[in-house]
Number of protein chains: 4
Amino acid sequence: MNVTGYAGAELARLLADHPLVDLVSVTGRSAAGQKLGQVFPHLAPLDLAIEAELGQVDFIFSALPHHESAERLLPFIEKGVPAVDLSADFRLKDAALYDEWYAFRHPAPQLLADAVYGLPELNRAEIQSARLVANPGCYPTASILALAPALKAGIVTGGIIVDAKSGISGAGRALKLASHFCEADEDVCAYAIAAHRHQPEIFQALKAIDGAMPALTFTPHLTPMTRGILATCYARLNGELTAEEAVRLYAGFYAGEPFVRVVPEPPHTKHASGSNACLVNAAVDRRAGMLIVTAAIDNLVKGAAGQAIQNMNLMLGYPETTGLPRLARFP
Amino acid sequence: MNVTGYAGAELARLLADHPLVDLVSVTGRSAAGQKLGQVFPHLAPLDLAIEAELGQVDFIFSALPHHESAERLLPFIEKGVPAVDLSADFRLKDAALYDEWYAFRHPAPQLLADAVYGLPELNRAEIQSARLVANPGCYPTASILALAPALKAGIVTGGIIVDAKSGISGAGRALKLASHFCEADEDVCAYAIAAHRHQPEIFQALKAIDGAMPALTFTPHLTPMTRGILATCYARLNGELTAEEAVRLYAGFYAGEPFVRVVPEPPHTKHASGSNACLVNAAVDRRAGMLIVTAAIDNLVKGAAGQAIQNMNLMLGYPETTGLPRLARFP
Amino acid sequence: MNVTGYAGAELARLLADHPLVDLVSVTGRSAAGQKLGQVFPHLAPLDLAIEAELGQVDFIFSALPHHESAERLLPFIEKGVPAVDLSADFRLKDAALYDEWYAFRHPAPQLLADAVYGLPELNRAEIQSARLVANPGCYPTASILALAPALKAGIVTGGIIVDAKSGISGAGRALKLASHFCEADEDVCAYAIAAHRHQPEIFQALKAIDGAMPALTFTPHLTPMTRGILATCYARLNGELTAEEAVRLYAGFYAGEPFVRVVPEPPHTKHASGSNACLVNAAVDRRAGMLIVTAAIDNLVKGAAGQAIQNMNLMLGYPETTGLPRLARFP
Amino acid sequence: MNVTGYAGAELARLLADHPLVDLVSVTGRSAAGQKLGQVFPHLAPLDLAIEAELGQVDFIFSALPHHESAERLLPFIEKGVPAVDLSADFRLKDAALYDEWYAFRHPAPQLLADAVYGLPELNRAEIQSARLVANPGCYPTASILALAPALKAGIVTGGIIVDAKSGISGAGRALKLASHFCEADEDVCAYAIAAHRHQPEIFQALKAIDGAMPALTFTPHLTPMTRGILATCYARLNGELTAEEAVRLYAGFYAGEPFVRVVPEPPHTKHASGSNACLVNAAVDRRAGMLIVTAAIDNLVKGAAGQAIQNMNLMLGYPETTGLPRLARFP
């Protein structure tokens, strides 16, 4: 549902080449009746028409905006159709947070407990048996994967800072001055300081790992590129830790993961671009007693469509990596 | 001296239009004998030849690399020619730091005490009477201007984190893979984590304001634009502070400053581009008790050539803003 | 009038630093009542309010859209206020072309004969005595300056092709998908093939030089940068011409011009960026008997605001270069 | 052979996911002994070592520079190993052109007649039975596919002009000032006017279709993006032709082609990016009697590595589209 945004288009592209899936029906709010290729010329070869209502499907992805997504998914959920929701509507466990951060009353708070947060590296087993998976946000994917090993190992203490840098596609295809080429090109800025909706999502996930974590400061930035997120994460070490120990801890934590690569240098977003990979580097600022973890993803793949397919693969019992690009497109 | 880098070229451009200055002699190491326009076509109208050795001058700017800069400046300093050094060679007060961070033995440690750190907003009076001014680094300019008001006011405590984002021109004109278009375009990465040479420079300046400041974590990043630095600075508040109080504190601190503008939203680097301005925004993360200050400059102007001219103006008793662009070029 | 577009903002920026001009009144259609700095943060230091109607002025610039510009200028023209119109409304001599290419009936066809086409390098004398100057379009400025010497010298024959590449700021600040960062970034495309409104404008100017010129093919392209136009112009030589002769012809034609530089290599748009310069290179394809001229300008300066000020300087008897940047900002 | 350039790396990436191919040996001149992931971090998951000499292989791709490629391929060709050469060494039929354009004496002129020019849309049958295929250059691929239908149909006359715009990756990974980020960013320029080595290659191919074609003017440009080529081609119509007829002619010519799409609007390079597609639009400038064809490709895929695999598929009897991305990655 809603193929007319960038995440929806990326989902359509990846699903079209997924060997175990038939993409049978796509919807789009304003573009119903048009061919997909009229809205996204690069998808013209798929020869699909955009429908107002979803046809008969065995599995649903929703890339609708928040609030609308939950409302439109509900009938299908009640019929038992398995679904991955790319919106934020089933990510938070506490319904009151939707009032506070998203300014709407959640239409189905009873589902929040059962919905599984779809970060396979942390919740693989739950995803495998879930009917409703809440696909993580782009910033949370990078941030949580960056911090989980340290929090699980109990090596950090105090509040955490995530300073994140995103490409412009995270702001979507809707026209706005901040995404106007001449304004965004050759520019970097912070936005939504202490007020971004991904803050409670990251905080909830980290808190679930380390209940003692007191606070999270999350600052997103726009950078002049189309794709990519780099999360630079700062956490105070509660003891001595060498750089080598940090690397060993991280490498061990993610051993065997098909899509997380612990890398020896701070990762470049471009080295993840187009792939479902998350590249993670752990470093230590010895003078300040600080752990600094940087994580890079493609916000439209591992941060949205790719991870949604990874979740679908798990839910349907397919091999987890099916249909997902493991290698970045570079340069 | 050394007009063949980006900072040197910017200096030549700005000096050429400075109404009280004659640009009489420019040098360049490898390009001696060429016309300036052969090395930088945009400067062809200046019709200057690049010399191997400096001619007879009344004032010197050095844009040489560190170590070489000090050695080449020494004879002129001894002759009493006033100078602004854009390299790092006279920025640090403790000569041992040059061994540690720059890997060379300082050739004139006795001058370090007298050299004035050329940040006019903090050291205007000393600059006015100085013979040798150390022009601040690009990252330090943004970082120190962002943090000075809070540290002076004593409203923050504990270690400080500066997460800085730079355009590629900060890496200079020397060819390297990290500055190769296809590698840097559409990419964001951190580099030199806990190891960048601007760390001790920022630390020294902040420590001079607040001797109790325990530690500074400085993480630079490359972003795909030519010019601009955004410094995002995190400091823990030692008490309650509203956003309004933060703004008022900053506005008061910089009242009357010709080149620092306290702005109501997180600044865009593009709104400072081409000008000598530093745009500063102070925000508060109430949940985390954190002050978040963002500062934007053009790294080649306020972060290098423009500030060097601002320092020269002060040293020679000219009006401080002479020859300096106050308005950014946008878009 | 209409400071809310990119050309208007650039005009305000340059006029603010023009030593012989007071910028007393700026208007903007939708933004009336706001401070200029709310619409364009980089202009906040000017501390001007945007008005609905123009105040008392001695000279007018209009950066309004076509049709509206003529209608709003008419009362002032009738009162004898000298004006430079940055819109297309007084560029074409044949009123019927406005019906054909711009789809409106010209409100004052009687003024078209007297309005002077403001390309100083070709029409300096007429501009000096004009009351109403039509500022050339961005593409026409580069294209006509590239071709005029060859046409005047009578060395080319047959139809002419102009293949032009523009940055995105030429498309203005109005939101549209073609200017959305994620669509324009990393993309090149042609548009308006054989249908762009600058075709009749270029054709008229070239035809005025060489009445025998049979046809002009003009193809504009969008390239992923903010500023700059490169016009690559192809004209068949009617005899033998060496590359050296071409260069000599062009250098002679533009000798003494303050803003046109004949350069020995194909020019880079970046070497003109931010300045009022037009860089021109003439080359010969000996095998094909073709003259290939490339010309680079900054579309917002020499292609709009800068040239408008150059025209004003001439109209008011000021030195022609006053207030205009001669050096590009690079990099 | 030579995986250390961008085309070689793209080839490795695509071959790694080709279901009918085992990538068994990669070589690189300067990087021998290193892991592939050290040279190209995005290829680290392939876990391949770069060798100095090629191992035992059944099929060779050479991405070596010209001259060296022929010399290193010769022993394998003599042993009968089928090969696709991505260099220019077997593209030209007339050995003298190598002296003239490439400044070397061809080491095996006797092979030039048998080598097949690997543009499947024109030479599919010959490729299927070839042992040595010369993979077309990036500019020629776009230019020839743009012009072939018109020349075959005999609707154009006189000299032809190709004005081509390329991303920077076409200039390779070798460090040079023209590819330095700060010089190439926000810049467009022409280069090698009337002197680019792809001119004789395009001319040879067009001449093979229409022996009467008198001349070709080819002007390449650099544009600030990593990937993509847009070729804008101008040819004089020898009679009346409507836009509809042009489109019909082109659609008919490429009917059934898996990788050429005739599109209704001028194509965007971004709509081909990452795919093996060539998007072609035919338009008519009625006033000038000119056919204007624009063609967009990804220079590293259809312009290099993708087409090389397409050729291999044909040579080995595999389905032609195997392992090749049909959908662009957008945005």
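Rules and cut-offs
- Residues numbered from 1 in each chain as written.
- Chains lettered and ligands numbered in written order.
- Predicted model: local features only at pLDDT ≥ 70, side-chain atom pairs only at ≥ 80, totals over all residues.
- Heavy atoms only, no water.
- Helix = DSSP H or I, 4+ residues; strand = E, 2+ residues; numbered from the N terminus.
- Rg over C-alpha atoms; globule rule 2.2 N^0.38 Å.
- Buried < 20%, exposed > 50% of the residue type's maximum accessible area, 1.4 Å probe, protein only.
- Contact = heavy atoms within 4.5 Å.
- Areas by Shrake-Rupley, 256 points an atom, 1.4 Å probe, with all protein chains shown as cover.
- Lys, Arg positive; Asp, Glu negative; His and termini not counted.
- Charge placed at Lys NZ, Arg CZ, Asp CG, Glu CD.
- Salt bridge = Lys/Arg side-chain N within 4 Å of Asp/Glu carboxyl O.
- Buried area = accessible area lost by both parts, 1.4 Å probe.
- Phe/Tyr/Trp six-rings, centres within 6.5 Å; stacked < 30°, edge-to-face > 60°.
- Domains from an automatic or database assignment.
- Polar contact = N/O pair within 3.5 Å; in protein donor to acceptor, adjacent residues only side chain to side chain.
- Axes fitted to C-alpha atoms, helices over the stretch in contact; angles between N-to-C directions.
- Parallel < 35°, antiparallel > 145°, perpendicular 65-115°, else oblique.
- Left-handed = near helix turned anticlockwise from the far one by under 90°.
- Nonpolar A, V, L, I, M, F, W, Y, C, P; charged D, E, K, R; others polar.
- UniProt positions renumbered as here; feature names shortened; annotations may be inferred.
- Least-squares fit on C-alpha atoms with pLDDT ≥ 70 in both.

Now, about the overall build of chain A: what can you tell me, with residues and values included?
Helix and strand counts for chain A come out as 10 helices and 13 strands. Taking 331 residues into account, the globule formula puts the C-alpha radius of gyration at 20 Å, and chain A, at 19 Å, falls close to it. Burial analysis of chain A (331 residues in total) assigns 65% to the buried set. Across chain A, the fraction of contacts at a sequence separation of at least 24, relative to all contacts at a separation of at least 6, is 70%. By element, 52% of the accessible surface of chain A is carried by carbon and sulfur atoms, the whole surface being about 10,800 Å². One finds the centroid of the 26 positive side-chain charges in chain A at a distance of 3 Å from the centroid of its 33 negative side-chain charges.

Before we move on, could you go through the pattern of salt bridges and cite the residues and values that matter?
Applying the stated criterion to the full structure yields 62 salt bridges over all chains. We note a salt bridge from glutamate 53 of chain C to arginine 72 of chain C, for which the minimum N-O separation is 4.0 Å. Taken as a pair, glutamate 53 of chain C in the loop between β2 (50-51) and β3 (60-62) and arginine 72 of chain C in helix α3 (residues 68-78) lie far apart in primary sequence, 19 residues in all. Looking at glutamate 53 of chain C, the relative accessible area reads 55%, which means it is exposed. You can call arginine 72 of chain C partly exposed: its relative accessible area is 25%. With its nearest N and O atoms 2.9 Å apart, the salt bridge here joins arginine 91 of chain C to glutamate 201 of chain C. Here arginine 91 of chain C, found in the loop between β4 (83-85) and α4 (96-102), pairs with glutamate 201 of chain C, found in helix α8 (residues 198-209); they are 110 residues apart in sequence, far enough to count as distant. When its relative accessible area of 1% is taken as the criterion, glutamate 201 of chain C is described as buried. Via salt bridges that share partners, Glu10, Arg13, Arg227 and Asp298 of chain A belong to a single interconnected network.

Residue-level account of the interface of chain B and chain C, with values.
With 31 residues of chain B at the interface, the matching set in chain C holds 31 residues. Taken over both partners, the interface formed by chain B and chain C buries close to 2,800 Å², and the fraction arising from carbon and sulfur atoms is 55%. Counting the contacts that link chain B with chain C gives two salt bridges. In this structure, aspartate 17 of chain C engages arginine 326 of chain B in a salt bridge whose closest nitrogen and oxygen atoms are separated by 3.6 Å.

Pulling in residues and values, what's your account of the packing of aromatic side chains?
Under the defined criterion, the tally for this structure stands at 38 aromatic pairs over all chains. Each ring, one from phenylalanine 253 of chain A and one from tyrosine 254 of chain A, has its centre 4.9 Å from the other, and the planes form 80°; the classification is edge-to-face. Grouped by ring-pair contacts, the aromatic residues Tyr6 and Phe40 of chain A together with Phe330 of chain D constitute a single cluster.

Explain the domain arrangement of chain A to me, using residue names and the numbers behind them.
All names here are of chain A. The assigned domain composition of chain A is domain 1 (6-136 + 307-316) and domain 2 (138-301). Computed from C-alpha coordinates alone, the two centres of domain 1 and domain 2 are separated by 24 Å. Counting from both sides, the interface comprises 21 residues of domain 1 and, opposite them, 29 residues of domain 2. The contact between domain 1 and domain 2 buries some 2,200 Å² in all, and 55% of this surface belongs to carbon and sulfur atoms. Among the residues domain 1 hides against domain 2, the three largest losses belong to Tyr6, Trp101 and Glu121. Together they make up 30% of the total. The interface formed by domain 1 and domain 2 includes three salt bridges. The tally of links from domain 1 across to domain 2 stands at 13 residue pairs in polar contact (both at pLDDT 80 or more). Mapped onto the side of domain 1 that touches domain 2, the elements with two or more residues apiece are α1 (6-16), α4 (96-102), α5 (120-128) and α10 (301-316).

Explain the packing of α5 of chain A against α10 of chain A residue by residue, including any values.
Two measures define how a pair of helices packs: the angle their axes make with one another and the distance between the axes. Residue and element names in this part refer to chain A. For the pair α5 and α10, interaxial distance at closest approach is 9 Å and the crossing angle is 40°. With respect to α10, the element α5 is oriented oblique. You can see that α5 and α10 cross each other, and the crossing is right-handed. Each of Pro120, Glu121, Arg124, Ile127 and Gln128 in α5 lies in contact with α10, whose residues at this interface are Lys302, Gln307, Gln310, Asn311, Leu314 and Met315. Partitioned by chemical class, the residues of the contact of α5 with α10 number four nonpolar, four polar and three charged.

Can you explain the UniProt feature "active site" (unreviewed entry) in chain A? Please cite residues and give values.
Residues and elements named next belong to chain A. In this numbering, the UniProt entry assigns the feature "active site" (unreviewed entry) to Cys138. Examined against the element boundaries, cysteine 138 turns out to sit in helix α6 (residues 138-153). Residue contacts for cysteine 138: discarding those within four places in its chain leaves His198, Ile229, Ile297, Asn299 and Gly303.

Report on the relation of the copies chain A and chain B, specifying residues and quantitative values.
If you rotate chain A by 180° and push it 0.0 Å along the axis, it lands on chain B with an RMSD of 0.0 Å. As the rotation angle and translation indicate, the two copies are arranged about a two-fold axis. Of all interface residues in chain A, 100% are interface residues in chain B too; the two copies therefore contact each other through one and the same surface.

So what's going on with α1 of chain A? Which residues, and what values?
Among the 11 residues in α1 of chain A, nine count as buried, and that is most of the element. Three or more residues of α1 of chain A are buried, namely Tyr6, Gly8, Ala9, Glu10, Leu11, Ala12, Arg13, Leu14 and Leu15 of chain A. Buried residues along α1 of chain A sit in contact with β3 (60-62) and α10 of chain A together with α7 (181-184) of chain C.

Provide a residue-level description of the UniProt feature "domain: Semialdehyde dehydrogenase NAD-binding" (unreviewed entry) in chain A, including the pertinent values.
With numbering aligned to this structure, UniProt lists the feature "domain: Semialdehyde dehydrogenase NAD-binding" (unreviewed entry) at residues 2-130 of chain A. Helix makes up 33% of residues 2-130 of chain A and strand 9%, and the two end C-alpha atoms of the span are 22 Å apart.

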